[in-house]
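A structural walkthrough
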Amino acid sequence: MAKLSVRNLSKSYPNGDSGETEALDNITFDVEEGELLSILGPSGCGKTTLLKIIAGLLEPDEGEVLIDGKVVEPGHNRVGYIFQQESLFPWRTVRQNVEFGLEVSGMPVEERKKRTDEILKIVGMEGLDDHFPHEVSGGQARKTEMARSLILSPDILVADEALSNLDAQTRNHLQEEFLRIQEITGSTILFVSHNVDETVFLSNRILMLSNIPAKVIAEYKLDLPRPRTRTSQACLAYRSQILDVLRVEQEKAMSLTRQKQSASI
Ligand SMILES: Nc1ncnc2c1ncn2[C@@H]1O[C@H](COP(=O)(O)OP(=O)(O)OP(=O)(O)O)[C@@H](O)[C@H]1O
Ligand SMILES: [Mg+2]
């Protein structure tokens, strides 16, 4: 368990002849030990960019990432990452995918097997360990990815749209599984999503990002007991409050696009 701090992160990408795409604009926030913080933001606003910087996979132009108050440099491996696209190795079984990180670290076979058994059990994949990724459902594949990240006992877990592309029923089930697994592991989690209902169900806190370049525009602390009922008055009240802010942001983005289009005519 650890605390994550993000300080004044900014990032632009080169954009052909037309200069730069500014993706992140001075992003600052903390995720407390054991907290599940969700980030909600419009498509293309910079969420994956933010997670990659936090995980040390990408360098920011400005700002820094701290774990337990100490600055971490790009290339650090203290963050477990559940990727936006499915990223299991198709030629390895569920077990071989999950133990991949331990294999790379050189852990002896017996110890590795014991740890893999434990994690497979936690995520509920123990009976499917000899299946290949194409032989499991979309939900089971996501659980395998979760196990592959958790096996390294990361200080922080970041999940990029971890439960997208699943049918509603599987998604709801996996949200509950996600909370159950967090309760067992005590992980500090940063969870990116497009889905307002999902973030209200899961989070201790939600940060909302603006359209690109991403800035933090709102924060919601969800003082709701668990287990939560998705249709409770309290959940629905947060949902409607958040959707109102998102609608305003969407309208701003559309009006900006119209201005740009008319300027280029
Ligand atoms: N390697 C890159 N080179 C140039 N531009 C990039 C690169 N990666 C991302 N971008 C641009 O930066 C912006 C933010 O991208 P990012 O993937 O972080 O958004 P996102 O919020 O994760 O989007 P989505 O919700 O669709 O997953 C987008 O405009 C994207 O086109
Ligand atoms: Mg993304």
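Residues numbered from 1 in each chain as written. Chains lettered and ligands numbered in written order. Predicted model: local features only at pLDDT ≥ 70, side-chain atom pairs only at ≥ 80, totals over all residues.

What follows concerns the domain arrangement of the protein chain. What the domain assignment lists for the protein chain is domain 1 (4-78 + 157-231) and domain 2 (86-153). For domain 1 and domain 2, the distance between their C-alpha centres works out to 24 Å. In terms of residue class, the side of domain 1 that touches domain 2 is made up of seven nonpolar, four polar and one charged. (Domains from an automatic or database assignment. Nonpolar A, V, L, I, M, F, W, Y, C, P; charged D, E, K, R; others polar.)

So, about helix H6 (residues 168-185). Since the α-helix turns once every 3.6 residues, residues separated by three or four places project in the same direction. In this model, H6 (18 residues) spans 25 Å end to end at C-alpha, consistent with the 26 Å of a helix rising 1.5 Å per residue. Buried residues of H6: Leu174, Gln175, Phe178 and Ile181, and no others. Buried residues of H6, seen end-on, are gathered within an arc of 130° and therefore sit on one face of the element. For H6, the exposed residues set more than 90 degrees away from the buried face come down to Gln169, Glu183 and Ile184. Contacts from the buried residues of H6 go to helix H4 (109-123), helix H5 (138-150) and helix H7 (196-202). At the C-terminal side of H6, Gly186 shows a positive phi close to 65°. (Helix = DSSP H or I, 4+ residues; strand = E, 2+ residues; numbered from the N terminus. Expected span 1.5 Å × (residues − 1). Buried ≥ 20, exposed ≤ 12 C-beta atoms within 10 Å, placed from the backbone. Arc of directions from axis to C-beta. Contact = placed C-beta atoms within 7 Å.)

The sheet built from four strands is open, its strands ordered E2-E1-E4-E5 with antiparallel pairing. Across the chains shown, the open sheet's two edge strands, defined by having one partner strand only, are strand E2 (20-31) and strand E5 (70-72). Adjacent strand axes in the sheet meet at a mean angle of 35°, parallel and antiparallel pairs treated alike. When strand E1 (residues 4-14) meets strand E4 (residues 62-67), the two strands line up antiparallel, connected through five bridges. From the neighbouring strand, Leu4 faces E4, where its bridge partner is Ile67. Each of E1, E2 and E4 touches helix H1 (residues 47-54); the most contacted strand, E1, lies at about 120° to it. (Pairing = 2+ DSSP bridges. Axes fitted to C-alpha atoms, helices over the stretch in contact; angles between N-to-C directions.)

Let's shift gears to the site of ligand 1. With respect to spatial proximity, 13 residues lie near ligand 1, and among them Tyr13, Ser43, Lys47, Thr48 and Thr49 are the closest. Examining the composition of the shell around ligand 1, we find that three residues originate from one element, H1, more than from any other. (Near = placed C-beta within 6 Å.)

Attention now goes to the pairing of strand E7 (residues 156-160). Along E7, five of the five residues are buried, which leaves the element largely enclosed by surrounding structure. In E7, alternate side chains face the same way, and those of Ile156, Val158 and Asp160 on one face and Leu157 and Ala159 on the other are all buried. Two strands pair when backbone bridges link them, and strand E6 (residues 79-82) and E7 are joined in this way by four bridges, in the parallel orientation. Paired with Val79 across the two strands is Ile156, which belongs to E7. Looking at chain direction, E7 and strand E8 (residues 188-193) are connected through five bridges and run parallel. Residue pairing in the sheet places Ala159 in a bridge with Phe191 of E8. You can see the chain leave E7, run along H6 and come back into E8, and the turn it takes is right-handed. (Right-handed = clockwise from strand over helix to strand, strands pointing away.)

So, about the pairing of E4. Alignment of E4 against E5, held across three bridges, turns out to be antiparallel. Following the sheet pairing, Leu66 is matched in E5 by Val71.

A few words on the packing of H4 against H5. Running from amino to carboxyl end, H4 crosses H5 at an angle of 140°, the nearest separation of the two axes being 9 Å. For the element pair H4 / H5, the angle class is oblique. Here the hand of the crossing between H4 and H5 comes out right-handed. Listed contacts from H5 to Ile119, Leu120 and Val123 of H4 are Lys143, Met146, Ala147 and Leu150. In terms of residue class, the contact of H4 with H5 is built from six nonpolar, no polar and one charged. (Parallel < 35°, antiparallel > 145°, perpendicular 65-115°, else oblique. Left-handed = near helix turned anticlockwise from the far one by under 90°.)

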